[in-house]
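# Results of the structural survey
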Amino acid sequence: MLIFALSLALSTSCFAAPTHASENLNALVINFAPPFLAGQNLSENLYSALLTTMQEKPSDLAGRVNAAGAIWSLNQNLSGVQFALYFPGDNHAAIEICRALLRNLATRIPTIRTSGPGNNFLRHLHSLCKYPEKEITPEFKPISVFACCKNANTAEILASETALLDALYTPDQSAPNPENFVVPGSPASAYEIFSWADFSLGSFLSARYLGEMFINELGTTASASYEILVSQYGLSLALLVSGNEEELFMARDKVKAFLKSVHGKKLTDSWSGYVNRALQILEDDNRDFRKKSLFDSWVKHWNGDFATSADLPEFVAPAVHSEGVSHPEHWHHEFSYSENVYPRFCACSLSETAATADIAITFSAGQTLIKALAESIESESASLFPLNQDQQTPTRLVISFHCPVDKISGNIARIRSRLTADLIEKGIVQDFQREIRVGISATCKIQPYELRGYLQQGWPTVDESHRWRQPDAAGISQALMFPSTDNEAVKRRWALATSTAKGKAIILSYFAAQNLMLKNFITH
């Protein structure tokens, strides 16, 4: 169905085969807005329930449709579900089938209003959309009936049946917080969401255009996609990149470059050609009775304005832009750890600023190597940049510094180059990786995976199998160099040590060098 490929991208459809055709064809379309539960879009659940209701014995509504010489269809996407009947002649039999469908569907409300196994990121997109402030019109109904036939009062005839489904649309009071968004079991997803206050031909084509350009810009990034959502508040476009944290970091520059060009000449150059092609598809699809009835009813359901004129629609800039990241676990919003590489990296977002970062590098080795490292750093400090050096024990050295985010990679690269070259050239180290443990960490108020990406750009990794583990009380005391058996005293010393972004970075770098990971800074 090209009209849905162009417009609503209804991803799932089911058609019954016609038994005969008629020139006097009528249509009856029922539109369902998506129900929600705890922020999850339940359109897929609703679609499955409708399909079961049509096909289930003994009522066999699908069989009754075929016996009447009619056709039925069912379509679904994140913006809702459409059920349609196409039939010749009188619509009495079609109304009775719809009446039975709605009544049977109402008995399945408890089943529909369950999260089910499909708790994936896409089902939560509506919760992340920040629509322009716009009140819901009093006349909006989550279920609407559109009839292209002689009886103009079909909606009134089925009003009591549609009212049976009011419980399907109870207010969703438990939507999650988009600032700390978590979808268990779903890959990490970075999203950019643009919203328009109105669902119009101009805003819709603009959203589709931006979505297609985004895919073109991301090129080989296979995890890039976009979704268009319609609701009673307007229209939204979600630009998505999903995968592991490394994949998200690798895509970030392309995404940022695309966002800068959204209002620029680069996008608008091809606007006219795109609109001409899109309008031609719409015109072609409007010649198909079934496609036209579905599209017209959908536009009316969402109070859209798709009036055309002789002039081509102009590009409509979105009114609102929001962004964020979804993670499979809460702690991923605050911490990010490397996997099976040398050095070990950790990044933390618990900081006061997003403009600058606190960096710490811990070296753990024998006394001779640690002494040589300290001397090398001391001798070269004037040609590097301001560094703090703390040889906490004969076998542990920590260096730390503070710098703008865009300087992180370069500064770490300079340290790495200086130290590895100096120690190898002097014959002090034969194999840096085997002889010296290195833990590198940073704190900054940006996404932890992005911060870790900057760290790893500065010190290229090599494969090394290791397993992260949780620190125990003894490990925490050792990190603090506070040999106390008083648990409350350790907690107080821990609170002091981690009270600043710099302190957090230093502690995390030591833990990273020892393969120890934190999911919070709370001690019990």
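Right above here is the structure, for reference.
Our subject in this report is the structure included herewith.

Cut-offs applied
- Residues numbered from 1 in each chain as written.
- Predicted model: local features only at pLDDT ≥ 70, side-chain atom pairs only at ≥ 80, totals over all residues.
- Heavy atoms only, no water.
- Helix = DSSP H or I, 4+ residues; strand = E, 2+ residues; numbered from the N terminus.
- Buried < 20%, exposed > 50% of the residue type's maximum accessible area, 1.4 Å probe, protein only.
- Contact = heavy atoms within 4.5 Å.
- Areas by Shrake-Rupley, 256 points an atom, 1.4 Å probe, with all protein chains shown as cover.
- Lys, Arg positive; Asp, Glu negative; His and termini not counted.
- Charge placed at Lys NZ, Arg CZ, Asp CG, Glu CD.
- Core = buried A, V, L, I, M, F, W, Y, C linked by side-chain atoms within 4.5 Å.
- Phe/Tyr/Trp six-rings, centres within 6.5 Å; stacked < 30°, edge-to-face > 60°.
- Lys NZ or Arg CZ within 6 Å of the ring centre and 35° of its normal.
- Expected span 1.5 Å × (residues − 1).
- Bend = angle between axes of the 7 residues up to and from the residue.
- Pairing = 2+ DSSP bridges.
- Axes fitted to C-alpha atoms, helices over the stretch in contact; angles between N-to-C directions.
- Salt bridge = Lys/Arg side-chain N within 4 Å of Asp/Glu carboxyl O.
- Disulfide = S-S within 2.5 Å.
- Parallel < 35°, antiparallel > 145°, perpendicular 65-115°, else oblique.
- Left-handed = near helix turned anticlockwise from the far one by under 90°.
- Nonpolar A, V, L, I, M, F, W, Y, C, P; charged D, E, K, R; others polar.
- Polar contact = N/O pair within 3.5 Å; in protein donor to acceptor, adjacent residues only side chain to side chain.

### Overview of the overall build of the chain
Helix and strand counts for the chain stand at 20 helices and 19 strands. In terms of overall dimensions, the chain has a C-alpha envelope of 95 × 55 × 40 Å along the principal axes. In the chain, buried positions account for 52% of the 524 residues. Counted over contacts in the chain with a minimum sequence separation of 6, partners at least 24 positions apart contribute 80%. In the form shown here, the chain has an accessible surface area of approximately 23700 Å², with 51% of it arising from carbon and sulfur atoms. If the 44 positive side-chain charges of the chain are averaged to one point and the 53 negative ones to another, these points end up 4 Å apart.

### As for the environment of P343
Examined against the element boundaries, P343 turns out to sit in the loop between β13 (341-342) and β14 (344-348). A sequence separation of 113 residues divides P343 from Q456, and the C-alpha atoms of the two residues are 8.7 Å apart. Once residues lying within four places of it in the same chain are set aside, the contact partners of P343 are S338, V438, I440, W459 and P460.

### Remarks on the nonpolar core
Formed by 115 residues in total, the largest nonpolar core has its most connected members in F32, F83, F363, I408 and I436. Grouped together as the second largest cluster of nonpolar side chains are 22 residues, W494, I507, Y510 and F511 included.

### Notes on the packing of aromatic side chains
Per the counting criterion, the structure on display carries 24 aromatic pairs. Taking the centre distance of 5.5 Å and the plane angle of 90 degrees together, the rings of F249 and Y454 count as edge-to-face. Separated by 205 residues along the polypeptide, F249 in helix α10 (residues 245-261) and Y454 in helix α17 (residues 448-458) bring together distant segments of the chain. Judged by its relative accessible area of 6%, F249 falls in the buried class. Grouping aromatic residues by their ring pairs yields a cluster made of W331, F335, Y337, W468, W494, Y510, F511 and F521. Of note, R252 hangs over the ring of F249, and the distance from its end group to the ring centre comes to 3.7 Å. In this structure, R290 packs its charged tip against the face of Y86, placed 5.9 Å from the ring centre.

### Side note on α10
Because an α-helix packs 3.6 residues into every turn, residues spaced three or four apart end up facing the same way. In this model, α10 (17 residues) spans 25 Å end to end at C-alpha, consistent with the 24 Å of a helix rising 1.5 Å per residue. Within α10, the axis deviates most sharply at R252, by approximately 40 degrees. Listed in full, the buried residues belonging to α10 are E245, L248, F249, A251, R252, V255, F258 and S261.

### Observations concerning the sheet that holds strand β8 (residues 188-196)
Pairing in this open sheet of four strands is antiparallel, and the strands run β9-β10-β8-β11 from one edge to the other. Of all the strands in the sheet, just β9 (224-231) and β11 (320-326) have a single pairing partner and so form its edges. Averaged over all pairs of adjacent strands, the angle between strand axes in this sheet comes to 20 degrees, irrespective of strand direction. This element, helix α9 (residues 201-218), spans β8, β9 and β10 (234-243) of the sheet and lies at about 165 degrees to β9.

### Considerations on the pattern of salt bridges
Evaluation of the coordinates by the stated rule reveals 18 salt bridges. The salt bridge involving R99 is made with E161; its shortest N-O contact spans 3.3 Å. Here R99 is found in helix α4 (residues 92-106), whereas its partner E161 is found in helix α8 (residues 159-163), with 62 residues between them in sequence. For the pair formed by R99 and E161, the shared burial category is buried. With its nearest N and O atoms 3.0 Å apart, the salt bridge here joins K292 to D296. Taken together, the residues K292 and D296, both in helix α13 (residues 289-301) and four residues apart, mark about one turn of the helix. Take D296: its relative accessible area is 24%, and that puts it in the partly exposed class. Ionic contacts of the salt-bridge type, sharing partners, join the residues E96, R99, R103 and E161 into one network.

### Quick look at the state of the cysteines
Per the stated rule, a full pass over the model turns up zero disulfides. For C346, which is in no disulfide, the shortest distance to another cysteine sulfur is to C348 and amounts to 6.7 Å.

### Observations regarding the packing of helix α18 (residues 473-480) against helix α20 (residues 501-513)
Axis separation between α18 and α20 bottoms out at 10 Å; the angle between their running directions is 120 degrees. Accordingly, the angle class assigned to the pair α18 and α20 is oblique. Where α18 crosses over α20, the handedness of that crossing is right-handed. Here α18 contributes G475, I476, Q478, A479 and L480 to the contact with α20, which in turn contributes I507, Y510 and F511.

### A few points about the packing of α10 against α17
Following both chains from N to C, one finds α10 and α17 inclined at 90 degrees, their axes separated by 9 Å at the closest point. Comparing their axes, α17 and α10 come out roughly perpendicular. Residues E245, E246, L248, F249, R252 and K256 of α10 touch α17, and the partners they reach there are Y449, E450, R452, G453, Y454 and Q457. Its residues assigned to classes, the contact of α10 with α17 comprises four nonpolar, two polar and six charged.

### Observations regarding the environment of Y86
Within the secondary structure, Y86 is located in strand β6 (residues 80-88). Here the alpha-carbon distance between Y86 and S73, two residues 13 residues apart in the chain, equals 8.5 Å. Among residues more than four places away in sequence, those in contact with Y86 are L25, N26, A27, A70, I71, S73, F289, R290, S293 and L294. In this structure the side chain of Y86 is engaged in a polar contact, spanning 3.5 Å, whose partner is the backbone oxygen of R290.

### Some words on the pairing of β14
When you tally the buried positions in β14, you get five out of five residues, the bulk of the element. Burial along β14 is two-sided: R344, C346 and C348 facing one way and F345 and A347 facing the other are all buried. As paired elements, β14 and strand β18 (residues 437-443) share five bridges and run parallel to each other. Bridged to C346 within β18 is S441.

### Some points on α17
With respect to burial, α17 is a largely interior element, 10 of its 11 residues being buried. Here α17 has its buried residues at P448, Y449, E450, L451, R452, G453, Y454, L455, Q456 and G458.

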